[in-house]
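# Summary of structural features
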Amino acid sequence: MSKLAILCGGGNLPPALAEAHPDAHCVVFDGVAHAMRGNVHQHRFEEMGALFAALHEAGVTKLVMAGALGRPALDPTRFDAGMMAIAPRLLPALQGGDDAILRLIIAVFEEQGFEVVGAHSLLPGICAEEGLIAGPAPSDAALSDATRAVSILDTLSPLDVGQGVVVAAGLCLGIETLQGTDALLRFVGETPQSLRRGKGVFVKAPKRGQDLRVDMPAIGPATVDAAAAAGVEGIVVDAGKVMIIDREETLAALARSGLFLMGRVL
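Here goes a summary of the coordinates provided. This is a predicted model, so every value here is computed, not measured.

Cut-offs used in this document
- Residues numbered from 1 in each chain as written.
- Predicted model: local features only at pLDDT ≥ 70, side-chain atom pairs only at ≥ 80, totals over all residues.
- Heavy atoms only, no water.
- 1 Å grid on protein atoms, 1.4 Å probe; cavity = no way out; pocket = protein on both sides within 12 Å on 5 of 7 lines; lining within 4 Å.
- Points joined across faces, edges and corners; volume = space filled by probe spheres on them.
- Nonpolar A, V, L, I, M, F, W, Y, C, P; charged D, E, K, R; others polar.
- Core = buried A, V, L, I, M, F, W, Y, C linked by side-chain atoms within 4.5 Å.
- Buried < 20%, exposed > 50% of the residue type's maximum accessible area, 1.4 Å probe, protein only.
- Helix = DSSP H or I, 4+ residues; strand = E, 2+ residues; numbered from the N terminus.
- Contact = heavy atoms within 4.5 Å.
- Salt bridge = Lys/Arg side-chain N within 4 Å of Asp/Glu carboxyl O.

## Some remarks on empty space enclosed by the protein
Going through the model one piece at a time under the given rule, you end up with 1 cavity of 30 Å³ or more. Approximately 60 Å³ is the volume attributed to the largest cavity. Taken together, V150, L153, D154, S157, G162, A205, P206, K207, R208 and L266 make up the lining of the largest cavity. Looking at the lining of the largest cavity residue by residue, the class counts come to 5 nonpolar, 2 polar and 3 charged.

## Describing the nonpolar core
Ranked by size, the top nonpolar core spans 28 residues in total, and within it L55, L63 and F109 carry the most contacts. Contributions of two or more residues to this core are made by β1 (3-8), β2 (25-29), α2 (48-57), β4 (60-66), α3 (81-93) and α4 (98-111). A total of 6 residues in this core trace back to one element, the largest contributor, which is α4. If we skip the residues at most four places from it in the chain, L63 touches L4, A5, L7, L55, F109, F114, E115, V116 and V117. Within the second largest apolar cluster, 24 residues are counted, among which are V166, I235, V242 and I244.

## What to know about the pattern of salt bridges
Taken as a whole and assessed by the stated rule, the structure comprises 11 salt bridges. Close ionic contact of E46 with R44 constitutes a salt bridge, the shortest N to O distance being 3.3 Å. As far as the burial class goes, E46 and R44 line up, both buried. R213 is the salt-bridge partner of D211, the closest N and O atoms lying 2.8 Å from each other. Looking at D211, the relative accessible area reads 17%, which means it is buried.

Take a look at the structure:
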């Protein structure tokens, strides 16, 4: 019988998965903040061999990585044999973008005999649908800005930089980088009005060719609040390829803010 493991990072996605799959083997990591409650199994990143062994012993055959894990500081003096075997590939990858790291991590778990699945495949209906999801219909200017934003993201995809961008009146006000969505929207909100010719839109989409089993883009109520504080007109996401976490709370935040949320096939 197949048993699922949830490798848990921060945010509300891991608890949602655990609620939907109560028999799952939930793993948290030292140094990573998480919102998990109940029975969890704690491990260190430096001791991946011990993690592999524990997962096999628990009968795990399938696993999902969910939530923000960041780039933890690793202590080489604590590497176990399993981590030592991975290190020659992992340490160089840590100098690159997130997509390169995550592809390697998927490969490592697959080499250990685990099937890696995406959170969206375990939570039907979590992805944004195509069309206007909430809020007023976007203006023509907003739709034009969204098209421009997609062009920017397409151009940046080969560089493995980020999954979000804000464009207003055709001008790029900010690009998501390693610091994440909140930092991008905070930066946009601090842009002087003299440099803005319109409200603009925030567009969120995966990089072209990104493996959606890990690090699928997501938005939630905090994203909406940050976008509202940044002064944008609304949010456009890649339909079917961006998750809406805590949908009811997200829709409530959209109603409070007056922003629109639209899913488009990008």
